[in-house]
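# Breakdown of the fold
Residues per chain are reported as follows:
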Amino acid sequence: MHEADSFVPLTWADMLHLAPELSLSALFIMIVLLDLVLPKRVNRIWIGGWLTLGSLLISLGFVIWQLLDRNSGGNAAAETIQLLANSYRIDDFGSLLKIVFLAGASLIVLLAIGSTKDDDAITDRAEYFYLLLPAVVGAMAMASSGNLISLYIGLELLSITSYILVGMRKKSSKSAEAAFKYLVTGGISSAFILFGMSYLYGVTGSVDLGGIGAAIPGAIADFKALLYVGFFFILAGFGLKIATAPFHAWAPDVYQGAPTPVAAFLAVVSKGAALAAVFRIMYNTAFFAATDLDAYISKDVFFAMLVLAAAGMLTGTTAALRQKQVKRLLALSGVANAGYLLVPIGLSITVVHSSNFAEFIYYLIAYLFMTVGAFAVLTAVNRTAGEGEMKDFAGMYYRAPWTAAAMVVLLLSLAGLPISGGFFGKLFILIGAANAKAYWLVAIMVASSVISYYFYFGFIRQMFMRSGGEEEEIRVPAATGIAIWVCVAATLALGLFPGIVMEWIDGAFSLQVDLLVK
Amino acid sequence: MSILPDIPILSFILLSPLLGLLVILFLPKHSGNLLKTAAVIATLIPLALSLWLYADYDKQQSGAVYEEQLDWVEVPLNKELHSDVSAFTFKLQYELGVDGLSLPLLLLTGLVTAMAALGAFHVKKRWKAFFVWFLLLEFAMLGVFLARDVFLFFVFFELTLVAMYFLIGIWGFYNRERAANQFLIYNGLGSAIMLIAFVILVNTAGFRVEQIGEQVQYVYSGSYADIIRNMTDAGAMVNQPAVNEMGALNPFVMSDTMHRTLFIMLLVAFGIKLPIFPFHTWMLKVHAEAPPAVVMIHSGILLKMGAYGLLRFGLLLFPEQAKSWAAVLAVLGVINILYGAVLAFRQMELRLVLAYSSMSHMGIVLLGLAAFNEIGLQGAIFQLVSHGLISALLFLIVGSLYERTGTTELTELGGLARSLPFTSGALLAAGLASLGLPGLSGFVGELLALLGLFESMRWLAAIAVLGVILTAVYVLRSVLKITFGPLPDKYAALKDARLIEAVPMIVLLAFIVLLGCYPSLLTDTVQYSIGDVFAQLLATRAGG
């Protein structure tokens, strides 16, 4: 509650609720120390890689345990745990997203383990892995925070570690360039967000999301323009983080320069966390920016999100048509997918359509697996071929038939074709949009999917219909192989039995308790 | 008493190609003959099963119904805003069914695919992958004709797209990649429009409030049966006024504009597949570039999916709109017939002649649909089956000719009747069937469709008949060019069809003759099940 302004210290019992975050932080410090004290001859991939993976899995275990514990007996509306004057919340919204972040990060660590050995440009092998941990903690904080301050701290934790991670290939000038670009755009984005937040605080006198939501209807009459400024700056700032059009221009450059696993991290975890933040902020504040007299602010802000979504989908897919560089292409595909993910957020809640979160998280899960899988295949191919051009995939049918088959599944999912998680993810979002009568958006979504066939099938053309210069078999490292096949299996499972996941989400998530910060 | 209704026969038919696919996956990659044999056997199973079903269905008349249903995807929707509701779900069923409309096409699929598998002798590389995609394609096509849930239908429809993309792009002729791309984008666009229409349909007509005792349930259903029941039920939400007497808005209402828009969307979506002029360019490329066995399937079955979809979703769900658009359909049909026929006459490449001929013949299907009476619809369905058989046979022969002569340019070919008497004979027979010689199946379809149209739109029917004459001209022109005239020396030593080529030719030809001489074999089946539905629709909803 926002009136609880006085400081409430954490108790030992609260520590238990924070187990996922705390365990991850503690293990992070432990790995840092290990890296420092252990002699050089100990393999850093082992310390960095496998220990980081272990830490992520431990934290994942805690989150799942929390989720099951809170929703035991099919009670989706279980009480939320509020910590530190409601600035940090343990609810199912956060828990579900944390599962996505941790699972995504684990897969990314796996593919990093597989790909680092051959990458001579990376000098600090262990750091490269364990820096992912604070980044994930930041993402988790963003998903769980109940006020603007803790949200911003989470955002910065995530951002600053990502800047370092992007520049991790120290011997490559491209990586340095990418890190610098990311630092600048990321800084601008943070500035935008902070600027917007300051307006919200100025108008409502509260940093608590619930407090802002409660105060907004009263403030509309006097501070309409200021509220617009606040909301739109926040949206623009997160638009940069999410990399939706027109804020996407940094993404191809950064992805190209960054180590491939880090690019996957930006595409999945970073993007997901920013989307989660937008989701939480807008539904607690802008959603209530409506009175009987004047309902425009709420409408306009949500409509702006839909416009961003449409722009992301169309720009991402059309720009990717002529792209020959795989990482740039995947970056642009990420722009389009950011658009798809923004649709359920921007649709707002109406009487006929209130399943936004389920649609959002289902597609996020599908997106996680297909994107990480595609990046994993890319690292496998890149080991033998150089720059990550589309034509490096040529003749893959002959060189690695099973990996090529795996890639087909992932590509079909990315293109939104059955039977795959991507198909149902898009279908659920489409149905949601049609429920909300946003037919123009339905048309744009479907149209951009069709455009995207061309470049996703471009991979298939290369893999199956062309023969490359090299005949040598591609050897996929075990860790990468595991990552690829987990992603493929999950993509297929999501395509064959989408109902199970959706039921699970519905059983855990409740609008009133888990989303709203009262 | 037959045991068929007691076993999940439809699922058996649908899944049997997958069984073959599994077997093929475990066979060694380089043993071509083994793979081919396995593939042929795998295609014979659904053929045998659907023949059995067809025979049994006839006896039953409209007795037992073949329907199988399983809840596939049941998505709970958020119901926190509806306090009075016990469940709010979105349902997507694994629902299969056959009626007189889909059964002949199902059988056609089994038959043509089996013959295409036999005729796939010209595949010279990567047999294993070829037959994997081939069987997946068969699975998808069977699924299209069996599915009774709009999204399940869509899933299978898209699956054919993916499988065809591989089949064209890897095993096609010189420009195969371009043909595959064009195929993908055009048909992707069609499917996209279809998906939008389906999503809107499920959102309005698919919604139903179910009352079970005290409990009220809201359900969005993708089931075709539910949708058509809601569309015809005046009490369903979709047919309620937009604002009820208490002033509450009804979000599920389908306005007249919406009806019309949806019908047009479906017309375009399936029109691309059919293909209706001007959406036909992709189909020419596929005819010219895909390997002959795949074109047999493409021309023999995939084009029929367009007509089937148009009939099942366009006409049956939106009879009023279809009726008011009948003239447009008929005009489009006439354009298809004449445009296809004239261009077929101008082509110097046999595969393109046949491509335009397919377009022309699909125009007749449109005429049958546009006639909007029972004879016309009978004719349309008959024409679908008949053209499926004829074009499969023609492309089988094209494959044989190409294998021997290395060309399908009309200028290069000639006099083959002397060196290839059997193949030439089959070509002549197929050509005669194509131009509608009485006694062969092509005649019956054209006659019924034109008769139907003559009842409702006399003048258009008269113009369409011109197409029949043109067909005779272009068919005879190419057939005679190939079989008669001087025989170039290089073709003198060619060997006639082997047994493996002759068998599918004979089988297809046998069916063509059988249907030509004994059309009620097909028309009766159609009549039993579809007659009632149409009579009812025509009487009650379209006002006669």
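Structural data are supplied above this passage.
From a predicted model like this one, the values you see are computed outputs, not experimental measurements.

Attention now goes to the overall build of chain B. Along chain B, the regular secondary structure elements total 20 helices and four strands. Referenced to the eigenvectors of the C-alpha coordinate spread, the extents of chain B come out at roughly 85 × 60 × 50 Å. Per-residue burial for chain B yields a buried fraction of 64% across its 544 residues. Look at the contacts in chain B between residues 6 or more apart in sequence, and 79% of them connect residues 24 or more apart. A total of about 18,700 Å² of accessible surface is found on chain B, and carbon and sulfur atoms cover 67% of it. Both charge centroids of chain B, one from 31 positive and one from 35 negative side chains, sit 15 Å from each other.

A few words now on the sheet that holds strand β3 (residues 207-212) of chain B. Residues and elements named next belong to chain B. Spatially, β1-β2-β4-β3 is the arrangement adopted by the four strands of the open sheet, whose pairing is mixed. Where the open sheet ends on each side, the last strands, each with one partner, are β1 (67-76) and β3. For this sheet the average axis-to-axis angle between neighbouring strands, irrespective of direction, equals 35°. With nine bridges connecting them, β1 and strand β2 (residues 87-97) associate as antiparallel partners. Within the sheet, the bridge partner assigned to E68 lies in β2 and is L96.

Moving on to the interface of chain A and chain B. Each side of the interface is counted separately: chain A has 46 residues, and chain B has 42 residues. Surface buried jointly by chain A and chain B totals about 4,100 Å² across both partners, of which 70% is contributed by carbon and sulfur atoms. Applying the counting criterion to the chain A and chain B interface returns one salt bridge. Among the ionic pairs, E177 of chain B bridges to R466 of chain A, the shortest N-O distance being 2.5 Å. Across the contact surface, chain A and chain B share 13 residue pairs in polar contact (both at pLDDT 80 or more). Broken down by element, the side of chain A that touches chain B gets its largest block of residues, twelve residues, from helix α18 (residues 439-465) of chain A. In the side of chain A that touches chain B, the residues fall into 33 nonpolar, eight polar and five charged.

To continue, consider unusual backbone geometry. A cis amide bond, omega -10°, links P418 of chain A with the succeeding residue I419 of chain A. Mapping I419 of chain A onto the fold places it in the loop between α16 (401-415) and α17 (421-435). With an omega dihedral of -10°, the bond running from L274 of chain B to P275 of chain B counts as a cis peptide bond. Looking at the element boundaries, P275 of chain B is found in the loop between α8 (256-273) and α9 (281-289). Even without being a glycine, R126 of chain B presents a positive backbone phi close to 50°. Position of R126 of chain B among the secondary structure elements: in the loop between α3 (102-118) and α4 (127-146). When its relative accessible area of 13% is taken as the criterion, R126 of chain B is described as buried.

Considering soluble globular proteins, one finds that nonpolar side chains tend to be buried as a cluster. If you look at the biggest cluster of nonpolar residues, it comprises 411 residues, and the most contacted ones within it are F238 of chain A together with F151 of chain B. Considering every element that reaches this core, the biggest residue donor is helix α14 (residues 356-384) of chain A, with 20 residues. With residues near it in sequence (within four places) discarded, F151 of chain B still touches L427 and I431 of chain A together with F90, L92, L195, F198, V199 and V202 of chain B. L18, Y88, I90 and A141 of chain A belong to the second largest nonpolar core, which has five residues in total.

Moving on to the packing of aromatic side chains. Both the distance between ring centres and the angle between the ring planes are used here to describe each pair of aromatic rings. Inspection of every chain in the model, using the stated rule, returns 64 aromatic pairs over all chains. Ring centres of F393 of chain A and F459 of chain A lie 5.1 Å apart, and the angle between their planes is 80°; on these two criteria the pair is classed as edge-to-face. With F393 of chain A in the loop between α14 and α15 (396-399) and F459 of chain A in helix α18, this residue pair connects regions lying 66 residues apart in the sequence. For F459 of chain A, a relative accessible area of 1% puts it in the buried group. The interplanar angle of 55° and the centroid separation of 5.0 Å between the aromatic rings of F198 of chain B and F313 of chain B together place this pair among those described as tilted. Separated by 115 residues along the polypeptide, F198 of chain B in helix α6 (residues 176-204) and F313 of chain B in helix α10 (residues 292-315) bring together distant segments of the chain. Accessibility classification places F198 of chain B together with F313 of chain B in one group, the buried group. The positively charged end of R351 of chain B is found above the aromatic ring belonging to Y402 of chain B, 5.5 Å away from the centroid. Sitting over the ring of F345 of chain B, R477 of chain B keeps its end group 5.3 Å from the ring centre.

Right, let's get into the packing of helix α7 (residues 148-166) of chain A against helix α11 (residues 260-284) of chain A. Residue and element names in this part refer to chain A. Put simply, α7 and α11 touch, their axes get as near as 11 Å, and they point 165° apart. Overall, the two elements α7 and α11 adopt an arrangement that is roughly antiparallel. Viewed along their axes, α7 and α11 form a crossing whose handedness is left-handed. Two secondary-structure elements touch here, α7 through L151, L158, S162, L165 and V166 and α11 through V262, F265, L266, S270, A273, A277 and I281. Class assignment of the residues belonging to the contact of α7 with α11 gives a composition of ten nonpolar, two polar and no charged.

Between the first and last C-alpha of helix α19 (residues 478-496) of chain A there are 27 Å, a value that for 19 residues agrees with the 27 Å anticipated at 1.5 Å per step. For α19 of chain A, the full list of buried residues reads A479, T480, G481, A483, I484, C487, V488, A490, T491, L494 and G495 of chain A.

Let us look at the pattern of salt bridges. Counted under the stated rule, the structure contains 19 salt bridges over all chains. When the shortest N-O distance is used, the salt bridge between E403 of chain B and R498 of chain B registers 2.9 Å. One end of the pair, E403 of chain B, is in helix α14 (residues 374-405); the other, R498 of chain B, is in the loop between α18 (458-483) and α19 (499-517), with 95 residues separating them in the sequence. Overall, E403 of chain B belongs to the partly exposed group, its relative accessible area being 31%. Each of E177, K181, D253 and R328 of chain A takes part in a single network of salt bridges with overlapping partners.

The rules behind the values
- Residues numbered from 1 in each chain as written.
- Chains lettered and ligands numbered in written order.
- Predicted model: local features only at pLDDT ≥ 70, side-chain atom pairs only at ≥ 80, totals over all residues.
- Heavy atoms only, no water.
- Helix = DSSP H or I, 4+ residues; strand = E, 2+ residues; numbered from the N terminus.
- Buried < 20%, exposed > 50% of the residue type's maximum accessible area, 1.4 Å probe, protein only.
- Contact = heavy atoms within 4.5 Å.
- Areas by Shrake-Rupley, 256 points an atom, 1.4 Å probe, with all protein chains shown as cover.
- Lys, Arg positive; Asp, Glu negative; His and termini not counted.
- Charge placed at Lys NZ, Arg CZ, Asp CG, Glu CD.
- Pairing = 2+ DSSP bridges.
- Axes fitted to C-alpha atoms, helices over the stretch in contact; angles between N-to-C directions.
- Buried area = accessible area lost by both parts, 1.4 Å probe.
- Salt bridge = Lys/Arg side-chain N within 4 Å of Asp/Glu carboxyl O.
- Polar contact = N/O pair within 3.5 Å; in protein donor to acceptor, adjacent residues only side chain to side chain.
- Nonpolar A, V, L, I, M, F, W, Y, C, P; charged D, E, K, R; others polar.
- Core = buried A, V, L, I, M, F, W, Y, C linked by side-chain atoms within 4.5 Å.
- Phe/Tyr/Trp six-rings, centres within 6.5 Å; stacked < 30°, edge-to-face > 60°.
- Lys NZ or Arg CZ within 6 Å of the ring centre and 35° of its normal.
- Parallel < 35°, antiparallel > 145°, perpendicular 65-115°, else oblique.
- Left-handed = near helix turned anticlockwise from the far one by under 90°.
- Expected span 1.5 Å × (residues − 1).

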